[in-house]
Amino acid sequence: MNKKLRISKSRIRYSIFITMGLLACTGEAAQDFVPFVIPARPNPDSPIAYPSSQPIKTNSDRLVARSGHFYRGEHRVRLWGVNLSFGANLPRREDAPYVAARLAAAGVNAVRCHHMDSARWPRGLWNARDGKSITPEALDRLDYFIDQLARHGICVNINLHVGRVHSQFLGLPKTNRQYDKISNIFTPALIDAQKQYARELLTHVNRYRKVRYADDPAVAIVEITNENSFFMWGSEQTLRTLPQYYADILQSKFNAWLRKRYGSTDKLRKAWAKGAQPLGKNVLANGNFRTMAAGRSAPENWHLEQHASCKAAVSRMRYKGKDTLRIDIGKADDTEWHLQLNQGNLSVKAGQYYTVIFDAATDKSRKINCSLGQAHSPWNNLGLSQQVELTGKWQTFRCGFIARVDDNNARISFSFGGGSKVPVYLTNVEFRPGGRVGLDKNESIEAGGITLFADSETPARTLDRMRFLTETEKAYFNGMRNFIKNDLGCNALVTGTIVFGPLGLYAQSDMDFIDAHAYWQHPRFPGRPWDRGNWLISQKPMTDYPAEATLFQLASKRLLDKPFTVSEYNHPAPLDSQAECVPMIASFAAAQDWDGVWLYTYSHSSDDWDRKHLNSYFDIDTNPSKWGFMRAGSAIFLDRGITPFISHMSVSLTDPGGLLTSLVRLHRHYDRDMFRILAEGDRFARKQVLKAQLFATFGSGRRLGEREAVSTEIDWTVEDTKGFYAARGQGGWVYIGHAERFEKATDGLISIAAPDFVALTVTALDRNPARSLDKSRKILITACGRCENTGMKFSEDRRTVGRNWGRPPVRIQPVEGSLILPKGRWICHALGPDGLPTHRVPVSYYDGQSVLQLSPQYKTMWYLLTRER
């Protein structure tokens, strides 16, 4: 901390004491929430509005990727943006100008047009009658909106495939994943449909700009498909259970790949035989459940776990020709492991292959999970977690895995929570070392019947499957990019989808830039997906949990020499700590020198711009705890109020076995956890990512400049479970955490009296040239606690409001405390929600230092400092 900014703590405490006494006399101290509705129509006279940007008109305004970053001409460009979802991409003609102006006033210079293909007019592009063609009125609205955005210097990122179910309109069998995901990576008819949609949209001539989308410099980015990969969450289960039509296509491609690679069955059999192991002795006790423990609710040697008031009971019976254990579920919630049957005291050795075999059935289709993990703290998984789908017919399941570490007290567990009350029948459970097999005696290249998955397969077979999937996925994305660039002549930058682990990163490596998404405490839905009346969040500030934080995972997905963006990010409402969202991502991204950030999402609606309350988890347009920080975020990220770290760490993902072999090994061991891959590969900790830029590379890893940037510091600490995040640069400060930690953590710079959790930023608004806080003539202080609607009704544990989101106006918790200002003499005004001054706020001077009192009496989250001349 700069010693010139310090003041004695006794003076600060005295100042706070005097202020709090005055507030108590006026009755303001008891005030908790105050209305803060930021108008939908920006005030052009606001002193904090972002300076006007040049319109996007000619090819000289075209965004290009070069030397690992975005440029226009010779000038480096960062993108500070928001998503627009569904109908929000299609505002009415009378609304579009002020929507664009409001975005620009906050410093937004890019929007991501998301979910345009997911719905029929007026929520999407497709006609309302049959959904088979694009509605002309929708295109006209989009044309006009793009033109209005471009007039304010805002470029667009057009998402091609997000939610379109092409299989439905082509008359193909239903896929087994929402929005045709995964199947549309390899199915020719679905790929052709994506190309046709791309052709129809990108070759459309904008009526107002007189140019094709493909040629318009305002259309800066085209994204091929949203969150879609062979390596995404739940992908193996999707691939194992593909409907026959799609399974046959993928198997045919796999067999063709094997023929090209090996040429004959004999060569393939020899290659896949490496690592084969016969099944060893079953080490599980009472796997047929014949012995029930006296006086206990579970079979002997087994334990029935019931958590969070969930209930289950077990009994012996005969079901469809087999003696079995029946598991009846009395009460279940959305968490699968809250009900489980397990057996512990098992020993496993790191690197050893094991096989779990069991028979299972049910009265009605449902899923259960079979896993092997520690039977002790920290309860880590040891290599197996596989979901299986049960039917009314007996099935024998065979699950193989490699133990990740040695453990003398492991447990096999069957989890059957997840909300379903359908009973489970289970018998003949075995746990054996070995069991790896290569090519089955009935499989051959010539017959073309080699399956993509086999039970307990050898490493060589697994490696070939993963190689095939990786090459198939990369060919899809490269093919789509070539079609967009070459066949359609599109000049926009093209990205594929977000990174899903090391294999997903490789599949994206030929795109123009690398992209990622992250959410802190995304809502969960115990019943039906996206049931707005039945959802939960966990009230956890990310500031308190750096070991779980999204930011380190994001950093690990960046590929050396490629621009890197985060096109979806949020800490959803109604988190009590949601005000941490924008300052954290802006400051971390600035220090890491990322190239673009889009908050998810500005709005979902085309005609509800004047709303004065929160209406969902994600919409930020009427959420002051997010939208109120966007101007500070633009100063931090766009204008480099926090400058990038000088130090670089690049970690190689390649070993002597070859690139794809190395990536498969990493995927098999770490799944999609890129941070663990890099951290364990290069032996660094999270704290080092708070001092240096992080990259993955397919070449040689290296470290450059073992030092911090002179002007940038990030500290992230937790004391007694209470976190504090601090990012400091020449032109911006970010402080987030619990009130009691501010004074010590800021070395006396800031003291907070209330509320308990606060996000606070101090940002220079000078742009030409960008100035340090000590030299700035205009500084914005933004501070906020919680944010809620009036009358919002939380559950007792504050994990949900169900449908009870309350009513207007939206309100914030204003902050009470003291802040030592950058050197100089200042005039301070509290600003209203429209950005105009409402009150003159006195600045006190002690020993040549300026001190500002933040107070609820001003009913604001914005304070504007102007330097006395």
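Residues numbered from 1 in each chain as written. Predicted model: local features only at pLDDT ≥ 70, side-chain atom pairs only at ≥ 80, totals over all residues. Heavy atoms only, no water.

Undergrad: Please explain the overall build of the chain as it appears in this structure.
TA: Counting secondary structure elements, the chain contains 18 helices and 41 strands. Compactness check: the chain gives a C-alpha radius of gyration of 29 Å against a globular reference of 29 Å for 869 residues, within 12% of the reference. By residue count, 60% of the 869 residues in the chain fall in the buried class. Contacts in the chain between residues far apart in sequence, at least 24 positions, make up 74% of those at least 6 positions apart. (Helix = DSSP H or I, 4+ residues; strand = E, 2+ residues; numbered from the N terminus. Rg over C-alpha atoms; globule rule 2.2 N^0.38 Å. Buried < 20%, exposed > 50% of the residue type's maximum accessible area, 1.4 Å probe, protein only. Contact = heavy atoms within 4.5 Å.)

Undergrad: Looking at this structure, how should I read the pairing of strand E40 (residues 849–854)?
TA: The side chains of a regular strand alternate between the sheet's two faces. Counting buried residues in E40 gives 6 out of 6 residues, a clear majority hidden from the surface. With burial as the criterion, each face of E40 is covered, one bearing Gln849, Val851 and Gln853 and the other bearing Ser850, Leu852 and Leu854. In the sheet, strand E36 (residues 816–820) pairs with E40 via 4 bridges, with the strands oriented antiparallel. Note on E40: the bridge partner recorded for Ser818 is Gln853. With 4 bridges connecting them, strand E39 (residues 843–846) and E40 associate as antiparallel partners. Bridged to Tyr845 within E40 is Ser850. Joining the antiparallel neighbours E39 and E40 is a turn of 2 residues, in which Asp847 adopts a positive phi near 50°. (Pairing = 2+ DSSP bridges.)

Undergrad: So what exactly am I meant to see when it comes to the environment of Gly383 here?
TA: In this structure, Gly383 sits in strand E17 (residues 381–390). Among the residues examined, Gly383 registers a relative accessible area of 23% and is labelled partly exposed. In this structure, the C-alpha to C-alpha distance between Gly383 and Gly400, residues 17 residues apart in sequence, is 9.2 Å.

Undergrad: Help me out: how do you make sense of the packing of aromatic side chains in this one?
TA: Note on aromatic pairs: each is described by the distance of the centres and the angle between the planes. Inspection of every chain in the model, using the stated rule, returns 47 aromatic pairs. Between Phe254 and Trp257, the ring centres sit 6.4 Å apart and the planes meet at 20°, which makes this aromatic pair stacked. Of the two residues, Phe254 and Trp257 are both situated in helix H8 (residues 244–262); the distance of 3 residues between them amounts to about one turn of the helix. Accessibility classification places Phe254 together with Trp257 in one group, the buried group. (Phe/Tyr/Trp six-rings, centres within 6.5 Å; stacked < 30°, edge-to-face > 60°.)

Undergrad: What is the right way to look at the sheet that holds E36 in this model?
TA: In a beta sheet, neighbouring strands pair by backbone hydrogen bonds and run either parallel or antiparallel. Sheet architecture is open: 4 strands sit in the order E31-E36-E40-E39, paired in antiparallel fashion. Every interior strand has two partners, whereas the edge strands, strand E31 (750–754) and E39, have only one. Each strand of the sheet is rotated relative to its neighbour by a mean of 20°, with strand direction disregarded. (Axes fitted to C-alpha atoms, helices over the stretch in contact; angles between N-to-C directions.)

Undergrad: What am I meant to see in the side chain of Arg72 here?
TA: Turning to its location among the elements, Arg72 is positioned in strand E3 (residues 69–72). Buried Arg72, no salt bridge; nearest opposite-charge side chain is Asp61, N-O distance 5.8 Å. Excluding residues within four positions of it along the chain, Arg72 makes contact with Ile56, Ser60, Asp61, Arg62, Leu63, Val77 and Cys155. (Lys, Arg positive; Asp, Glu negative; His and termini not counted. Salt bridge = Lys/Arg side-chain N within 4 Å of Asp/Glu carboxyl O.)

Undergrad: Got a minute to help me understand helix H9 (residues 265–272) in this structure?
TA: Since the α-helix advances by 3.6 residues per turn, residues separated by three or four positions end up pointing in the same direction. Thr265, Leu268, Ala271 and Trp272 are the residues of H9 that are buried. Projection of H9 onto a plane perpendicular to its axis shows the buried side chains occupying an angular sector of 125°, all on one side. Exposed and oriented more than 90 degrees from the buried face of H9 are Asp266, Lys267 and Lys270. For H9, the secondary structure elements touched by its buried residues are H8 and helix H10 (459–487). (Arc of directions from axis to C-beta.)

Undergrad: In this structure, what is going on with the packing of helix H6 (residues 188–202) against H10? I would like to understand it.
TA: For any two helices packed against each other, the geometry is given by the interaxial angle and the distance between the axes. For the pair H6 and H10, interaxial distance at closest approach is 11 Å and the crossing angle is 30°. The pairing of H6 with H10 is recorded here as roughly parallel in orientation. The handedness of the crossing between H6 and H10 comes out as right-handed. Within the contact between the two elements, H6 uses Ile191, Gln194, Lys195, Ala198, Arg199 and Leu202 and H10 uses Tyr476, Met480, Phe483 and Ile484. Residue composition of the contact of H6 with H10, by class: 7 nonpolar, 1 polar and 2 charged. (Parallel < 35°, antiparallel > 145°, perpendicular 65-115°, else oblique. Left-handed = near helix turned anticlockwise from the far one by under 90°. Nonpolar A, V, L, I, M, F, W, Y, C, P; charged D, E, K, R; others polar.)

Undergrad: For this particular structure, what's the right way to read the pattern of salt bridges?
TA: A pair can form between side chains of opposite charge whenever their charged atoms are brought close. Here the structure, examined in full by the defined rule, presents 47 salt bridges. Put simply, Asp215 and Arg212 hold a salt bridge, and the shortest N to O gap is 2.7 Å. Look at Asp215 and you get partly exposed, because its relative accessible area is 25%. Shared partners join several salt bridges into a network, and the residues in it are Arg76, Arg78, Asp593, Asp595 and Arg640.

Undergrad: Could you clarify how one ought to interpret the environment of Ala106 in this entry?
TA: You can see Ala106 is positioned in the loop between helix H2 (96–105) and strand E6 (110–114). When the C-alpha positions of Ala106 and Lys859 are compared, they lie 21 Å apart, and in sequence the two are 753 residues distant.

Undergrad: Could you clarify how one ought to interpret the side chain of Glu743 in this entry?
TA: Relative to the helices and strands, Glu743 is located in helix H18 (residues 739–745). A polar contact of 3.2 Å, which involves the side chain of Glu743, links it to the side chain of Ser751. (Polar contact = N/O pair within 3.5 Å; in protein donor to acceptor, adjacent residues only side chain to side chain.)

Undergrad: Please explain the sheet that holds strand E16 (residues 366–374) as it appears in this structure.
TA: With respect to topology, 5 strands assemble into an open sheet ordered E11-E14-E19-E16-E17, the strand pairing being antiparallel. Only two strands of the sheet have a single partner each, and these edge strands are strand E11 (303–306) and E17. Across the sheet, the mean angle separating the axes of adjacent strands is 25° when strand polarity is ignored. The pairing of E16 with E17 spans 8 bridges and is antiparallel. By the bridge assignment for E17, Cys370 is matched with Gln386.

Undergrad: What is the right way to look at unusual backbone geometry in this model?
TA: As a rule of thumb, non-glycine residues mostly have phi less than zero, and peptide bonds are mostly trans rather than cis. Note the cis peptide between Trp121 and Pro122, where omega equals 15°. Looking at where Pro122 falls in the secondary structure, it is placed in the loop between E6 and helix H3 (136–151). In this structure, the amide linkage connecting Ser377 to the following residue, Pro378, adopts the cis form with an omega of 10°. With respect to the element layout, Pro378 can be found in the loop between E16 and E17. Despite not being glycine, Tyr179 has its phi angle at roughly 65°, a positive value. Along the polypeptide, Tyr179 turns up in the loop between helix H4 (166–170) and helix H5 (183–186). Owing to a relative accessible area of 24%, Tyr179 belongs among the partly exposed residues under this scheme. One non-glycine residue, Asn345, adopts positive backbone phi at about 60°. Its place among the elements puts Asn345 in strand E14 (residues 339–348).

Undergrad: Got a minute to help me understand the environment of Ala65 in this structure?
TA: Following the sequence through the fold, Ala65 ends up in strand E2 (residues 64–66). Overall, the relative accessible area of 34% leaves Ala65 in the partly exposed class. Sequence spacing of Ala65 and Leu202 is 137 residues, and the spatial spacing of their C-alpha atoms is 20 Å.

By themselves, these are just geometric observations and shouldn't be taken as functional.
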